[in-house]
Amino acid sequence: GETEVKEPVEDGSLKLSHSLNLASDISVNYAVATSLLQDYDSYYLECVLPVYEGNTLVGSRSVIVTPVLKGNYYYFTLLGVTAVNMNDTITATLHLTKDGAEFVTEAEEYSVATYAYAQLAKASASDKLKALCASLLRYGASAQIYKNYRTDSLADSAMTDAHRAYLTELSAVTFGNNNRELGDLNSPVVLWVGKSLLLDSKVTLRYVMNAASYTGRIEDLTLRISYRDYTGAEKTATVTGAQPYGTAQGRYCFDFDGLLAAELRCVLSAAVYSGNTRLSNTLEYSVDTYGNNKTGTLDSLCRALIAYSDSALSYFN
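In this text the structure is predicted, and so the values were computed from the model without any measurement.

With that settled, consider helix H3 (residues 127-147). The end-to-end C-alpha separation of H3 is 30 Å, in line with the 30 Å expected for 21 residues at 1.5 Å each. Counted residue by residue, H3 has 16 buried out of 21 residues, so it is predominantly covered. Following H3 by one or two positions, Asn 148 has its phi on the positive side, about 55°.

Set out below in structure tokens:
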């Protein structure tokens, strides 16, 4: 069928402003003043992201973002930008309807790296923000190298010596030593098997357990986590939805992605429950502990990640 013609918006003032949210995941915020949209009946933002295999562009994917009203602005937040995607160009177009006709704004190109380099170039940006952005770019590049993704276009490849001066030496990054299973239950029904780290848009801790001796419904199991956040406040989280893990009978995992970038050194206490009954020993762990005894590009990635977390802690504190 014929594609319908979308009229370009004539109002030149309808521009998107961008910012980055680096508190938890890496997400891009597009803002539009509400006054600019009041004449339209509906609107959404279309973000088109490239898809690469290795260094080869193989296609693109489209993400539709709906707005959230905050004060005098509509915010369109593109979530789930992964560490390897920092140098990928996001093409954003605002789609609007009015009296049945559809309008589009001029496509705008942006990337996480664009934001980071803009801050590094700003005289008014604080040293802590520049250190955060420099660490972010290095983390993105380390992830690209580890995942063999666009290694010919690394996020930190345009950094100057002046930019790199904000970085801490990777060799100086230390890892935690927080990996303890407390023997605080006489005969635990659920046993701990291990932990791993998933580095996508959010840093996710995967807790692996052996629940072969548990006779109830797997859906009833929850993982309760407690920790002090980066400000020192007590935090708790409950994770549901245990997933089968691997092929061994009775193996399941819980994924926890609730930490902020500044909290990767926070020690988490985790235990498995059914209702209010605890079924496992308490496990203490921190994301930075994962970096111990890694080699090669995974070691570099862990160091870059924790250096980024340290710079986030410094910035947000």
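What follows is about the packing of H3 against helix H5 (residues 296-316). Across the interface, H3 lies against H5 with an axial gap of 8 Å and an inter-helix angle of 160°. On the basis of their axis angle, the class for H3 and H5 is roughly antiparallel. Relative to H5, the crossing made by H3 is left-handed. Of H5, the residues touching H3 (which contributes Lys 128, Leu 129, Ala 131, Leu 132, Ser 135, Leu 136, Arg 138, Tyr 139, Ser 142, Ala 143, Ile 145 and Tyr 146) are Thr 297, Leu 298, Ser 300, Leu 301, Ala 304, Leu 305, Ala 307, Tyr 308, Ser 311, Ala 312, Ser 314 and Tyr 315. In terms of residue class, the contact of H3 with H5 is made up of 16 nonpolar, six polar and two charged.

The next point concerns the pairing of strand S5 (residues 56-65). Sheet analysis places strand S4 (residues 42-53) next to S5, joined by nine bridges and oriented antiparallel. In the sheet register, Glu 53 faces S5, and the bridge partner there is Thr 56.

On to the pattern of salt bridges, then. Under the criterion given, the structure shown has twelve salt bridges. Residue Asp 255 is joined to Arg 206 by a salt bridge in which the shortest nitrogen-to-oxygen separation is 2.8 Å. On the criterion of sequence distance, the pair formed by Asp 255 in strand S17 (residues 251-256) and Arg 206 in strand S13 (residues 203-210) is long-range, its members being 49 residues apart. Overall, Arg 206 belongs to the partly exposed group, its relative accessible area being 22%. The network of salt bridges with common partners includes Arg 217, Glu 219 and Asp 220.

Scoring rules and cut-offs
- Residues numbered from 1 in each chain as written.
- Predicted model: local features only at pLDDT ≥ 70, side-chain atom pairs only at ≥ 80, totals over all residues.
- Heavy atoms only, no water.
- Helix = DSSP H or I, 4+ residues; strand = E, 2+ residues; numbered from the N terminus.
- Expected span 1.5 Å × (residues − 1).
- Buried < 20%, exposed > 50% of the residue type's maximum accessible area, 1.4 Å probe, protein only.
- Axes fitted to C-alpha atoms, helices over the stretch in contact; angles between N-to-C directions.
- Parallel < 35°, antiparallel > 145°, perpendicular 65-115°, else oblique.
- Left-handed = near helix turned anticlockwise from the far one by under 90°.
- Contact = heavy atoms within 4.5 Å.
- Nonpolar A, V, L, I, M, F, W, Y, C, P; charged D, E, K, R; others polar.
- Pairing = 2+ DSSP bridges.
- Salt bridge = Lys/Arg side-chain N within 4 Å of Asp/Glu carboxyl O.

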